[in-house]
Amino acid sequence: MPRLDIETRRAQLIQAAVAIALRDGLDNTTVRRIATEAGVSLGTVHYCFNSKKALLEAMVESIATRDIEAASLPLPDDVSPVDAIRAAFRYYWSISGAQADRQRLVYELVAYLVRQEDSGPELARRIFATNYAIVHDFVETFQTRWSNDLGIPTEVVQRMVIAMTDGVALAWLADGDDDKALAVLDAFAGLFADRVSA
């Protein structure tokens, strides 16, 4: 096997761990199985990650990166609040929501981490913190554009939006119905826009 630099090898091992977690669950994502999946020795895994905790942290980091930015959503000058918010939810869905493997991994990781001691719950919170930050930026953008206060603390709005989008994604994983998922997002956009423009 060709000799790889440590960052490339770490990325390979994270990919192997993700594959096992999605296929067999995180409880079965052992160092030995990761080594087998990646086609490397146990020593190589231990060299790159000195514990399963370190590997879990790397997995969390791999999915807790921001892949959605408010500034990347193009909106015409005359767009209405409801159309802008609908576009934001559909933007989320196209980039993140409708990625089955990513969503399954998020749910698998969170469910596993909250059962662990030490840093497990903190790692789970890190996943949500990234999502809350994304929603915060969108809320700030919309409130600035329409010079309107929602009358609800931004922290509460963040949790409302994430609770809704996570619920839509979870139901979509079960039924695979894109039309119903988008219908819920559009309906929520209407309710949210009413609050923005009130």
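What to know about the nonpolar core
So, step 1. Counting residues in hydrophobic clusters, the biggest one holds 33 residues, and the most contacted among them are Leu-13, Phe-49, Met-59, Leu-105, Leu-109, Leu-113 and Ile-127.
So, step 2. Ranked by the residues each element gives to this core, the list is headed by helix α1 (residues 6-24), at eight residues.
So, step 3. Once residues lying within four places of it in the same chain are set aside, the contact partners of Leu-105 are Val-18, Ala-21, Leu-22, Met-59 and Ile-63.
So, step 4. Judged by nonpolar contacts, the second largest core, of 30 residues, contains Phe-138, Phe-142, Leu-150 and Leu-185.

Some points on helix α8 (residues 154-175)
So, step 1. With 22 residues, α8 extends 31 Å between its outermost C-alpha atoms, agreeing within 8% with the 32 Å of an ideal straight helix rising 1.5 Å per residue.
So, step 2. Where α8 ends, the next residue or the one after it, Gly-176, has phi of about 65 degrees, a positive value.

What about the side chain of Thr-29?
So, step 1. Mapped onto the elements, Thr-29 comes out in the loop between α1 and α2 (31-38).
So, step 2. Thr-29 gets classed as buried once you look at its relative accessible area, which sits at 2%.
So, step 3. Among residues more than four places away in sequence, those in contact with Thr-29 are Ala-17, Ile-20, Ala-21, Ile-34 and Lys-52.

Remarks on the pattern of salt bridges
So, step 1. Summed over all chains, the structure comprises 10 salt bridges.
So, step 2. One salt bridge connects Asp-83 with Arg-86, and the closest N-O pair in it is separated by 2.9 Å. Of this pair, Asp-83 and Arg-86 both sit in helix α5 (residues 81-97), separated by three residues, roughly a single helical turn.
So, step 3. Judged by its relative accessible area of 26%, Arg-86 is partly exposed.
So, step 4. For Asp-101, the salt bridge is made with Arg-104, and the minimal N-O distance between the two is 3.5 Å.

Some remarks on the environment of Ile-85
So, step 1. Checked against the element boundaries, Ile-85 lands in helix α5.
So, step 2. The class of Ile-85 is buried, set by a relative accessible area of 2%.

Conventions and cut-offs
Residues numbered from 1 in each chain as written. Predicted model: local features only at pLDDT ≥ 70, side-chain atom pairs only at ≥ 80, totals over all residues. Heavy atoms only, no water. Core = buried A, V, L, I, M, F, W, Y, C linked by side-chain atoms within 4.5 Å. Buried < 20%, exposed > 50% of the residue type's maximum accessible area, 1.4 Å probe, protein only. Helix = DSSP H or I, 4+ residues; strand = E, 2+ residues; numbered from the N terminus. Contact = heavy atoms within 4.5 Å. Expected span 1.5 Å × (residues − 1). Salt bridge = Lys/Arg side-chain N within 4 Å of Asp/Glu carboxyl O.

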